[in-house]
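Structural overview
Here are the chains, one letter per residue:
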2 protein chains.
Amino acid sequence: MKKEVAIYTISDSIGETSQKLIGAVMVQYPEVSFDNTYRFPFVTDEQELMDILKDAEKDNAIVISTLVNRKLAQAAQNFSVQANLAYYDLMQPFFSMIEAKTSAQPIEKPGIVHKLDTEYFHRISAIEFAVKYDDGKNPQGFLTADMVILGVSRTSKTPLSMYLANRGHKIANLPLIPEVPLPQVLEKVDPKRIVGLICRPEKLVKIRSNRLESLGLGQTTSYTDLEKIRRELAYAQSVFKTYQANIIDVTDKSIEETAYLVEEQLKSLTVGL
Amino acid sequence: MKKEVAIYTISDSIGETSQKLIGAVMVQYPEVSFDNTYRFPFVTDEQELMDILKDAEKDNAIVISTLVNRKLAQAAQNFSVQANLAYYDLMQPFFSMIEAKTSAQPIEKPGIVHKLDTEYFHRISAIEFAVKYDDGKNPQGFLTADMVILGVSRTSKTPLSMYLANRGHKIANLPLIPEVPLPQVLEKVDPKRIVGLICRPEKLVKIRSNRLESLGLGQTTSYTDLEKIRRELAYAQSVFKTYQANIIDVTDKSIEETAYLVEEQLKSLTVGL
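No experiment lies behind these values; they were computed from the predicted model shown.

Quick word on the overall build of chain A
Secondary structure assignment for chain A yields 9 helices and 10 strands. The C-alpha atoms of chain A give 24 Å as radius of gyration, which overshoots the globular expectation for 273 residues (19 Å, by more than 25%). Along the first, second and third principal axes, the C-alpha set of chain A runs to 70 × 50 × 30 Å. Pairs at least 24 residues apart make up 78% of the contacts formed inside chain A by residues separated by at least 6 positions.

Here's the deal with the relation of the copies chain B and chain A
Turning chain B through 180 degrees and shifting it by 0.0 Å along the axis lays it on chain A, with an RMSD of 0.1 Å. The superposition operator between the copies reduces to a two-fold rotation axis. Every residue of chain B has its C-alpha some distance from the rotation axis, and the shortest such distance is that of V131 of chain B, at 3.1 Å. When the interface residues of chain B are mapped onto chain A, 100% of them again lie at the interface, so the same face is used by both copies.

Structural notes on the nonpolar core
F142, L150, L176, L186 and V262 of chain A are the most contacted members of the largest nonpolar core, which totals 43 residues. Elements with a contribution of two residues or more to this core: β7 (147-151), α6 (157-166), β8 (171-175), β9 (194-198), α7 (201-214), α8 (226-242) and α9 (255-271) of chain A together with α5 (118-132) of chain B. The element that contributes the greatest number of residues to this core is α8 of chain A, accounting for 6 residues. Once you skip the residues sitting within four places of it in the chain, L150 of chain A turns out to touch K157, L174, L176, L186, I194, V195, G196, L197, V239 and F240 of chain A. Counting residues in hydrophobic clusters, the runner-up holds 42 residues, among them V148, L174, V250 and I255 of chain B.

Things to note about the sheet that holds β7 of chain A
Residue and element names in this part refer to chain A. Overall, parallel pairing links the 4 strands, which are arranged β8-β7-β9-β10 in an open sheet. Only two strands of the sheet have a single neighbouring strand rather than two, namely β8 and β10 (246-249). Each adjacent strand pair in this sheet contributes to an overall mean axis angle of 25 degrees, direction not counted. Relative to β9, β7 runs parallel, the two being bridged by 3 bridges.

Regarding the domain arrangement of chain A
Under the domain assignment, chain A is made up of domain 1 (3-102) and domain 2 (118-271). Centre-to-centre separation of domain 1 of chain A and domain 2 of chain A, based on C-alpha positions: 39 Å.

Points about the sheet that holds strand β2 (residues 7-10) of chain B
Ordered in space as β4-β2-β5-β6 (chain B), the 4 strands form an open sheet in which the pairing is parallel. A strand with exactly one partner marks an edge of an open sheet, and here the two such strands are β4 (37-40) and β6 (86-89) of chain B. Each strand of the sheet is rotated relative to its neighbour by a mean of 15 degrees, with strand direction disregarded. Relative to strand β5 (residues 62-65) of chain B, β2 of chain B runs parallel, the two sharing 4 bridges. Bridge assignment links T9 of chain B to a residue of β5 of chain B, and that residue is I64 of chain B. Seen against the sheet, helix α4 (residues 92-102) of chain A touches β2, β5 and β6 of chain B and runs at an angle of roughly 170 degrees to β6 of chain B.

Calculation notes
Residues numbered from 1 in each chain as written. Chains lettered and ligands numbered in written order. Predicted model: local features only at pLDDT ≥ 70, side-chain atom pairs only at ≥ 80, totals over all residues. Heavy atoms only, no water. Helix = DSSP H or I, 4+ residues; strand = E, 2+ residues; numbered from the N terminus. Rg over C-alpha atoms; globule rule 2.2 N^0.38 Å. Contact = heavy atoms within 4.5 Å. Least-squares fit on C-alpha atoms with pLDDT ≥ 70 in both. Core = buried A, V, L, I, M, F, W, Y, C linked by side-chain atoms within 4.5 Å. Buried < 20%, exposed > 50% of the residue type's maximum accessible area, 1.4 Å probe, protein only. Pairing = 2+ DSSP bridges. Axes fitted to C-alpha atoms, helices over the stretch in contact; angles between N-to-C directions. Domains from an automatic or database assignment.

Structure, rendered in structure tokens:
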């Protein structure tokens, strides 16, 4: 039988930080079931908080808290000590460290405040940019993009673009197809703003086969042919060389990891200004 | 002068959890500068780790760690105690709690492993779906979408769709324009799969003005006219009523908060199955 652990997350906002941490922890325990994970967002009332903690006690759960309200966090801490509850506060110890360094106090205002600030508008327009200039739809976007992503089919150009867009970067992408001529405008793009995605051919075969399967199509097509894919990738490499693109091998990388490398490239551009 | 605090994040992967936590903490200290935040990803070597910690000591920095490797985490912990460094380990205390509950051990394998699993493909295809069926481009997508999002211009339909897509949901969205007839296929969509976005008219005026400004256009247009916007929103409300859409007011919500509410609606659909 699979081992089980119940986890409660408590936040006065939506609890994204806890979710992220749990995701990172879960992959470390492939043999443990985390099915009993309960998320309690927008907790701002002490009675409600106590009811959740009592349920957690009954469930023998680990409680992760990102409460920014000190009074609530303290109440939860007190309850947990008394009830011998596994209580893990992500926020308050960090606050204490900042207080020790700066003597500053947190504003204790829950939530990602939805501010109509520059950053917010920037992010929204980056997402719209990425949708507009996805898949080589309009190569003129290359000239105003922070980064232009090139790659053969199924090298994760679109998900990567959208992930980066969500982080505020203006991304355009172009599929590389040996039979289709490249848009002329690519020549005008600063090579430092071009990323070329590459992938091990065997992996691409698997990804493309899976893709066809999900579309309900058969497997015997040149799209998944290893030799054909090798030729496509060789073509891609020659394009990357011509345009001096920075090459990223996505074979064993998650979208997040590839995005991190693209952001590093973007950062070096800013430093160079 | 603004108070300052230096933060170092150390991870054997990309350190997304730390970034998320720092983001949540930063908004609690509007008067503190977090400009000296340094991210050290892919740390897997003890010597490298020690060099980073020594720099952190010199910078009087707070160190946030998400190292999954116990040996490295222990070394960092030991150094910090000796050097009196503000060291905050997000991962190991959680591991200890899980061990106490289940006696399971973490695999200590760094990183979001890029698995070619169902979830990964699901997420990729959700993102492609959202791009394909954004902005009412092809209303036939409504029939296979997990959720159809309706709203007048600038109610954050596209960013919301992309955010939800990144979390694996198939989202289509449709702009509501009083002068444009609704696609017939909307009648075939389960009302539980329709979300209507609403916003305070005054706020929409601001958002749209900002939008026009960013496009380098003047401000005197019916697009930003309060009375016109009120009529648009009244029309949207009548559409939501006709199609029994679940209404979300996005006025003071971040994309993440609105997304959370949509996910709750999606969850209630699964429960109902």
